[in-house]
Structures are given as C-alpha cells and as structure tokens.
Amino acid sequence: MGLINQICWSIQAQNLEARIVVFRKNGFDNWKRVNQGKTCAFLAHIGSAASSPHTICERRAENLMMPSQHIDKVMHAQSREEKEKNRLRLSTSIVAVRWLALQGCAFRGNDESLSSSNLGNFLELVKAFAKMNIEIDEVVLENAPKNAQYIAPEIQKEILHIMANRVRQMVREEVGDKYLCILVDEARDISKREQMAIILRFVNNHGILTERFFAIKSVSDTTSMNLKNEISNVLVHHDLHVKKIRGQGYDGASNMRGAWNGLQALFLKDCPYAYYVHCFAHRLQLTLVSAAKDVSVIWEFFSHLDNIVNIVTSSTKRIAELHTAQRNEIEYMLSIGERDSGNGANQIGNFQRAGATRWSSHYDSVKSLIAIHFILMELNTRFNESSVKLLSLSTTLDPKNSFDSFNSDDICKLAKKFYPGDFTYQEIVALEYELIHYKLDVMQNLKVSTLVELCQQLTESGRSSVYVMLTRLIHLVLTLPVSTVTTERAFSAMKHVKTTLRNKMEDDFLADCLTLYIERDLAKHIDPN
C-alpha cells in the first residue's frame, strides 16, 4: 500500500510539473476560455477533487502558515503524553522496589505467569497500587505497552542498583574529607560464601559520631593481602583516601591482627596513624574464657552446661516440657509475690549456648574468678602496651563526672605521640592555649557525660571554630574502633535478606539490598521522581 501511494504521488507530481512547464515556457494567451468549465486551463489545473495536487499544495501552504499544525508540535504533544505515562509507570516500579528493599522482602515469585494465583511480591505490590489508583491502573501491567512495562527482573535490579549507589553517594558526601575508621568483619552467608562487610566510622558535619554500612564483598581468598586489596578497591572507587584512615577495627584472627603480615599491619604501612583496636568486649570475653580454663571447677561447670543445652535443644518434646515447667514456676512465683508483672516481663526463654565472645554467657565465671592473676596474664597477652597507652591518654578527654579525667599535659602528649602527622609544632602550641580557655569555658558551661555528646555540643554551640585543634583531636579519638557491633548487625541483616529461599542471590544484588535495608534512613530520602 505504501508503494502504490508513492507511485500515485510521483505521477501527480509529474503531471503538476508538466503543467507548470507548459505555463512557464509557452505562456498563456487564450483568455476567452477562462472560467468556461472544463475548457479553462486554470480550472483544469486546479481540479475538482480534494486530492488534486493543487488542492493538496494549497492546504499544505495553509498548514505551513499555522505553527500549531507543524509536525514537530504535533509530535511533541503526543510524546509529552507518552512521557507522563512512562514516568508514572516507572515511578510505580521504583516505589515498589524501594518498599521491598526497605522491608528486606523477596522481589520475585515462583510463578509469575498471568494464570498464577501469586505473582510474587513485586508484581502483587504493583497490582495493589493499581487497585488504589485509577491513573496507575491505566498505565501498568496489562495496560502498558509490551516494550515499556518496567517490570522485568533486570529492570528491578537496575532500579535497586541506582538507589543503592545514591545511598552510597550520600554516605560519601557525609564523610567528605574527614578522618575515618574502617570496621571490617567476615561471615558466611546461607550459600556458604564468605562475605566481608565494610563499615565507615566518622564524625559528620554536625559533630555526631556516625557509623554507616558501606559495602559487602564476597571473598573466596581471606589472606590479609587479598582482603586489603578488596577494601582498597572499594575505597578508591568512591574516592576515599587511605591516608585519611585513623582507625581499624577487626576481629582477633591471625590474618587480621598479625603484627607483620596481618591486615592491620598492611594498612599501617600506608597510613602509620590508622591504629588497630580489636573489639575490647571480645578481647575481654576471650581473656575470661582462657583464664577460666585454668580453673577446673568452672570449666567443668560450663562443659556440663553445654551438654545440658545440647540434650534439651535437640528434642522439640524436651523444649516443650521445659517451657511448661518455666510457665508453672512463673505462675507460682507471681502468686506468692516473688515476681513482678508488667509489659515484657516473665517471658518464657530458651537455653542459650555459651559463646566465647558474649559477656552474659560467662557472667558467672567472672564472679567466680577470685584469683585475678590468671586474668592478668591473658590481659597482658591480648592488650598490647601501645593500644592501652593510646586509650588511656584518650580518656583525659572524657567529660564524665564533670571532666574529672581532664589533664592538659596528657591531651597534648596524645596529640604529639600518636598523631604527629596531624598536628604541626605551631598547632600543638595553639592546642595548649586552647586548653587554657577550654578549662574556663566548656568545663564550666557544658553539661555532657560522654565524648560523643561533647563533640556534638561543641559543633552546635559554634565552639568548634574556637577550639579548632581540640575539636580535631576529639574527632581523631572518636574514630578509634572500640566495638564491632555495627558489623554484627550487618550480618544479622544479611541473614534476614539472604534466606534459604533466596540462597542463589547474586553478590551485587545482595549488596544493593543490604545497602537500602541497613541505611533505610538515607534510602527514605530518595525522591522517586
């Protein structure tokens, strides 16, 4: 049909050209026949049909003089309507993806065909939006063009990846050019892959100590050099400089804490002020466990306790009997007034296995260890002199008990001994003068109990611009890692997101899901539009 039209137009154009040539070359002098119907050359040229070349050209000329009829205007009006529909359709998918990620829910269903009774969380959520809003209903799923539905799994992952990168960029902007600490830990996911979580610890622009989940990487090789390369690649990719690291927080494994080839030692070669601090809570637990081994009665007690727990928890019948016994005992104690009732009180519990890094599981051993010399040997082994000295000097900044630990000499010694690259000689002198005014000003007027609160109050009150050197030193001390709680929370989130039913999740997909799930306060600020 298109070819026939082209031929017809070509013939008409040729006829028109032929007539024009006749008029132009030969001229016209037969004026007697003008307006005499078919014998008139002009009227024959014009033609009576609406499809005659003259009429078509005349209509086109009129349209040309009407800007609203120009093809670009017509196409623009049509494309604007399509853009609005596409935008609404895409916004619906974005909101659905973000909601599922924030809740740690699966995206896809087992059967997503049209005949399925359960299409999976993503498609079911889009259907729910359509039922609540007629405008959405008119543009999504079956009412959307087949080539622009924005519901394919690849589209879902791309949307998620863009939002996860936006959250990472927010974290990067929070860090800025400030000092930071890296907290790193490893754990296996449900598919037995070794996953390494990276947390950034820093003081933000409001003087608030912040810890942000930044990345999780699958590592098959857990040697210290490979871990360093993986961490460095993440930092370099986001333009974070190793020279700004002032703290390293890892577990006590040999590949992490090794003094010569451990991960902390490798980073110290690049940045000599990136002090490594093994989680103090874990150190203390391990010290107590090791010391308890030398007290045969205590060690025998915990061995028997482990056996009891294993026997009870291996049978659902025994667990049920245990709960029944607990319930009866609680009811009896309440009836005689030995227990108080209240919201959350008197819960039925289960046996917990004693863990080497959990304080509560070995609380009894702490009370039972009267001979303190066992502990001292372990403490000396696990707490080296340098880290103890660093932390003891840092306590002079602690404002608790009305700045009872304040000592100007120790504060200056802390800056000179442990951060010589961050303070010049002139800045140390300036710090000494600042401490004189600080003692008369801050210590008299600010009522704070922790170093974190002090840092925040200095920023909010504007005093951070007065006590510049002291504020810088406080920021450095706050970046020291004293706990790996945030990394443990990251792994708890990983267990929630990557479950048995989702054990085939790709590493990039897992990282994006965790980024939104953990840093939900940042993800919520992303505008879907």
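Rules used in this analysis
Residues numbered from 1 in each chain as written. Predicted model: local features only at pLDDT ≥ 70, side-chain atom pairs only at ≥ 80, totals over all residues. Heavy atoms only, no water. Pairing = 2+ DSSP bridges. Helix = DSSP H or I, 4+ residues; strand = E, 2+ residues; numbered from the N terminus. Contact = heavy atoms within 4.5 Å. Axes fitted to C-alpha atoms, helices over the stretch in contact; angles between N-to-C directions. Salt bridge = Lys/Arg side-chain N within 4 Å of Asp/Glu carboxyl O. Buried < 20%, exposed > 50% of the residue type's maximum accessible area, 1.4 Å probe, protein only. Patch = residues over 30% accessible without salt bridge, like charges linked within 9 Å, V, L, I, M, F, W, Y side chains within 5 Å. Areas by Shrake-Rupley, 256 points an atom, 1.4 Å probe, with all protein chains shown as cover. Lys, Arg positive; Asp, Glu negative; His and termini not counted. Charge placed at Lys NZ, Arg CZ, Asp CG, Glu CD.

What follows is about the sheet that holds strand β4 (residues 245–249). Note on sheets: strands pair through backbone hydrogen bonds, and any given pair is parallel or antiparallel. Across the sheet, which stays open at both edges, the 5 strands sit in the order β3-β2-β1-β4-β5 with mixed pairing between neighbours. In this open sheet, the two edge strands, each paired with only one partner strand, are β3 (209–218) and β5 (275–276). Contacting β2 (194–203) and β3, helix α24 (residues 507–518) crosses the sheet at an angle of about 165 degrees to β3.

On to the pattern of salt bridges. Counted by the stated rule, this structure contains 15 salt bridges. Residue arginine 212 pairs with glutamate 174 through a salt bridge whose shortest N-O separation is 2.9 Å. Of the two residues, arginine 212 sits in strand β3 while glutamate 174 sits in helix α7 (residues 153–175), which places them 38 residues apart along the sequence. Exposure remark for arginine 212: the relative accessible area of 10% places this residue in the buried category. Measuring nitrogen to oxygen at the nearest pair gives 2.9 Å for the salt bridge that ties aspartate 189 to lysine 498. One end of the pair, aspartate 189, is in the loop between β1 (180–188) and β2; the other, lysine 498, is in the loop between α23 (485–497) and α24, with 309 residues separating them in the sequence. On the basis of relative accessibility, which here comes to 2%, the residue lysine 498 falls in the buried class.

The next subject is a positive patch on the surface. Side chains of Lys389, Lys413, Lys416 and Lys417 sit close together on the surface and give a patch of like positive charge. For the positive patch, the leading source of residues is helix α18 (residues 408–418), giving 3 residues. Within the element layout of this structure, lysine 413 appears in helix α18.

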